[in-house]
Amino acid sequence: MGKGHPYWRVVLFLIALTVKSAAASDLYFSSESFAYSEPVPINSLLNDWHGEFSGGSDAVLFHKAEVGFRYDGWSLGLLHRFDYVFHGSEEGVEFYYKTQNQLPLIANHDYPIDVEVSHFEVAGLKFGKEWQLRDDITFTFSLSWLKGVSLREGELFGNATTGSSTTDYDISLFVEDYYSEGDLFNRANVKPYGRPDGKGYAVDIGVKWKVSDRFKIEAEVTDLLGKLWWDQAPYTKADINPVAKVYDSQGYVHYTPALSGIEGFTDYQQKLPWRMQADAEYDWTDDVSITGHWLHTNYLDLVDVGARWRPGSSLVYSAGYGLKTKALMLGLHGKFGGIALASDSLDFNQAHAFTMNAWLQIKL
């Protein structure tokens, strides 16, 4: 441990203090993974875009894992996060899908193209505090110190125009892209001394409100404030123009793109996009509750409805359905942990929505 990250020693030291204390404390682990892709299945989004096209222009992938301890309203833990947000113009996304799969385009048509990608992967240390403001209201605040692992943030915009042929087109695009490795055009002059270093912070807040004996609401804002500073990140700013057209045996055009612009390295400040989620639960009977969940991002609003059943033991069974994602959720929760899974398809390669959440706590 002597050569490891110094915050490991802090965590172990404070855990030892809580074990000796009479105040309420526990060790905890949580993992939350959520992915939703409108245009193509999640697996296709991350790979070749060869899955079935469903329309739409947005996709998100969020993963967060924490391990740490809580003591008398305070918490300290190790954190890992992976966030990916994709947004594009609907016609631009359709154009990209069709050209990737060599499908006929609309003749004599102008496709406006505007695609934005925001991604970061971080590890870090998270410090939190919970306050009981009133008997029915609890407020939480957390501050995370973040160490950047990977970066991708950029925008591609312009237009593509077809003539009388549905397999031929002309393009005029501009790209601005910041990345830790692997740019859109396989740039050769990557940073000679490895990935760019990233450091930053994130602030999250949450509130729990017991509206009545039967109704409660919880809400959380992730990255209310948050930034990453990247040291000498590779970037590309360039116009993209075709050098030559080549036609395959089916008559579909293929381009050799030429970049006219700037490639280099720069200190880059990445603003973390905020998001909010809220949960509501109403006790319909002593054993059955009706639940609702809402996730809001810059481009998406997703709502789930469901129910929970408490059959008199410490176990709670849950089920839910995504109104937009069409994902079915099943969950099991106990005194010391729980798990929930959701998907819109039993075949992961065809799934547009997937959720896997798990948590564990050990009282000290």
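Below is a summary of the structure that appears in this document. (Residues numbered from 1 in each chain as written. Predicted model: local features only at pLDDT ≥ 70, side-chain atom pairs only at ≥ 80, totals over all residues. Heavy atoms only, no water.)

## Overview of the overall build of the protein chain
Test applied: Helix and strand labels come from DSSP, where a helix needs a run of H or I of at least four residues and a strand needs a run of E of at least two; each type is numbered from the N terminus. To sort residues, take the accessible area from a 1.4 Å probe on protein chains only and compare it with the maximum for the residue type: under 20% means buried, over 50% means exposed, and anything in between is partly exposed. Every residue pair with non-hydrogen atoms within 4.5 Å of one another is taken to be in contact. Residue exposure ignores everything except the shown protein chains as possible cover, and the areas themselves are Shrake-Rupley values with a 1.4 Å probe.
Counting its regular elements, the protein chain contains 3 helices and 16 strands. Put simply, the protein chain has 364 residues, and 40% of those count as buried. In the protein chain, 61% of the contacts between residues at least 6 apart in sequence involve partners at least 24 apart. Only carbon and sulfur atoms are counted for the fraction: they give 60% of the accessible area of the protein chain, which is about 19300 Å².

## Considering the environment of Trp309
Here Trp309 shows up in strand β12 (residues 301-309). Classification of Trp309 as partly exposed rests on a relative accessible area of 46%. When the C-alpha positions of Trp309 and Asp283 are compared, they lie 9.9 Å apart, and in sequence the two are 26 residues distant. Ignoring anything within four residues of it in the chain, the contact list for Trp309 reads Asp287, Val288, Leu315, Val316 and Tyr317.

## Some remarks on the pattern of salt bridges
Where we set the bar: A pair is scored as a salt bridge if a Lys or Arg side-chain nitrogen falls within 4 Å of a carboxyl oxygen belonging to Asp or Glu.
Scanning all chains against the criterion turns up 19 salt bridges. Ionic pairing is found between Lys126 and Asp204, a salt bridge with its closest N-O pair at 4.0 Å. In this pair, Lys126 sits in strand β4 (residues 110-134) while Asp204 sits in strand β7 (residues 197-210), placing the two residues 78 residues apart along the sequence. Close ionic contact of Asp168 with Lys245 constitutes a salt bridge, the shortest N to O distance being 3.1 Å. One end of the pair, Asp168, is in the loop between β5 (137-162) and β6 (169-179); the other, Lys245, is in strand β8 (residues 215-247), and 77 residues separate them in sequence. Look at Asp168 and you get buried, because its relative accessible area is 18%.

## Some remarks on the packing of aromatic side chains
Cut-off, in case you're wondering: Ring pairs shown here join Phe, Tyr and Trp side chains whose ring centres sit within 6.5 Å, with only the six-membered ring taken for Trp; geometry is labelled stacked below 30 degrees between planes, edge-to-face above 60, and tilted in between. A positively charged side chain is recorded as over a ring if its NZ (Lys) or CZ (Arg) lies within 6 Å of the ring centre. The angle to the ring normal must also be within 35 degrees.
The full count for this structure, using the stated rule, is 14 aromatic pairs. Every member of this aromatic cluster is reached through a ring pair, and the members are Phe95, Tyr111, Tyr169 and Tyr255. Over the ring of Trp74 we find Lys129, and its NZ or CZ is 5.0 Å from the ring centre. Taking NZ or CZ as reference, Arg275 lies 3.8 Å from the ring centre of Phe62, over its face.

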